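These are the residues of each chain, in order.
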Amino acid sequence: MDLGLRGRKAIVCAASRGLGRAAAFSLAREGAAVTLIARTEETLARTAEDLRRETDMPVRAVAADVNTDAGREAALAACPEPDILVNNPGVRQVPGDFRTWPKEEWQRWLDVHFLSSVQFIQAVVPGMCARKFGRIVNMSVSFIKFPQVGFAHSHAARLALSGAVASMVRELIAHNVTINTVCPGLFDTDALHTNLHGHAQRGNTTYEAIVEDRLKTCPAGRFADPSECGDLIAYICSAQAGFMTGQNIVNDGGVYQGLF
């Protein structure tokens, strides 16, 4: 299936590994010229080289933190007129006790999971509207549908972003600009296994026991492959998917649980 992305330009954030990397590969396979953004230069360079070798597409790599003004400016300097933006803050959080968090802790996560994405959207939508094509995908987590104890700061910020874009798309869709939020569940990534090791330590149990427990929650009985999320993102960004806007799409264990 031709998704109509050949010649499109994409910025993919947190693209050096995990689901960001998978999104970059899926978009490049469809013919998009991809600009990769990530903080770790060495990992980013390896991903860029792998992407060039596998897809034979032009790839740019920018070592920057998109949660800062300077990082977003660096990304846009490398790709001034993106047709596609995959917003992905790429910051992991650990659980804590909301009773002890000062205002600064709440503000930090609002900056990472809400304001940084909103400011990136504000920067790219004027050009997208003028060109009559734009696809924005915000990477979230399935836990915003199923809140977890200890993550009130992250939940609040991610839900704020979903609410904000639900309003934005009502005026952008007339210009063929869509915004979708992808809420991945348990994917077989470094981030997942780091989190599972952390859960095992905090729960005084083994990593293997935590994995067995988590697999029971996956409809497919396995952790999903990152490429499944990457391909979903590529489809959302396609020319044919202009009707898909303002939806939350949950992928857990390889099973697409539906549109909300």
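Our subject is the structure listed above.
Residues numbered from 1 in each chain as written. Predicted model: local features only at pLDDT ≥ 70, side-chain atom pairs only at ≥ 80, totals over all residues. Heavy atoms only, no water.

### Here we look at unusual backbone geometry
Rule in force here: Counting from the N terminus, the helices are DSSP H or I runs at least four residues long and the strands are E runs at least two residues long. Burial classification: accessible surface area is computed with a 1.4 Å probe over protein chains only, and a residue below 20% of its type maximum counts as buried, one above 50% as exposed, and the rest as partly exposed.
Phi at alanine 14 is positive, roughly 50 degrees, even though this residue is not glycine. Following the sequence through the fold, alanine 14 ends up in the loop between β1 (9-13) and α1 (18-29). Unusually for a residue other than glycine, asparagine 176 sits at a positive phi of about 65 degrees. With respect to the helices, strands and loops of the structure, asparagine 176 is situated in the loop between α5 (152-172) and β6 (177-184). For asparagine 176, a relative accessible area of 29% puts it in the partly exposed group.

### Comments concerning the packing of aromatic side chains
This is how the line gets drawn: Two rings from Phe, Tyr or Trp (for Trp, the six-membered ring) form a pair when their centres are within 6.5 Å of each other. A pair whose planes differ by under 30 degrees is stacked, one over 60 is edge-to-face, and the rest are tilted. Geometrically, a lysine NZ or arginine CZ counts as sitting over a ring once it is within 6 Å of the ring centre and also within 35 degrees of the ring normal.
A complete count under the given rule lists one aromatic pair for this structure. Ring centres 5.2 Å apart and planes at 75 degrees place the aromatic pair tryptophan 101 and tryptophan 106 in the edge-to-face group. Of the residues examined, tryptophan 101 reaches a relative accessible area of 14% and is grouped as buried. One Lys or Arg, arginine 8, reaches over the ring of phenylalanine 133 and ends 3.7 Å from the middle of that ring. Taking NZ or CZ as reference, arginine 135 lies 4.4 Å from the ring centre of phenylalanine 133, over its face.

### Overview of the nonpolar core
Which entries qualify depends on this criterion: In these notes, a set of buried Ala, Val, Leu, Ile, Met, Phe, Trp, Tyr and Cys residues joined through side-chain atoms within 4.5 Å is what counts as a nonpolar core. Here a residue-residue contact requires only that any non-hydrogen atoms of the pair lie within 4.5 Å.
The biggest cluster of nonpolar side chains holds 32 residues, and the ones touching the most others in it are Val12, Leu27, Val34, Leu36, Leu51, Val182 and Ile233. At the level of secondary structure, the elements contributing two or more residues to this core comprise β1, α1, β2 (33-38), α2 (41-55), β4 (84-87), β5 (134-139) and α8 (226-236). Ignoring sequence-local partners within four residues, the contact set of valine 12 consists of Gly20, Ala23, Ala24, Leu27, Val34, Thr35, Leu36, Ile37 and Val86. Formed by 28 residues, the second largest nonpolar core is a distinct cluster that contains Val62, Val125, Met128 and Val165.

### Quick look at α2
For clarity, the threshold we go by: The length a helix should cover is 1.5 Å for every residue beyond the first. This arc is taken over the directions from the axis of the helix to the C-beta atoms.
Here α2 spans 21 Å end to end across 15 residues, near enough to the 21 Å set by a 1.5 Å rise per residue. Those residues of α2 that sit buried are Thr43, Leu44, Thr47, Ala48, Leu51 and Thr55. Along the axis of α2, the buried positions cluster into a sector of 135 degrees, meaning they face one direction only. Across α2 from its buried face, at more than 90 degrees, point the exposed residues Glu42 and Arg53. Lining the buried residues of α2 we find α1, β2 and β3 (59-63). Aspartate 56 lies just past α2 and shows a positive phi near 55 degrees.

These figures come from the coordinates and say nothing about function on their own.
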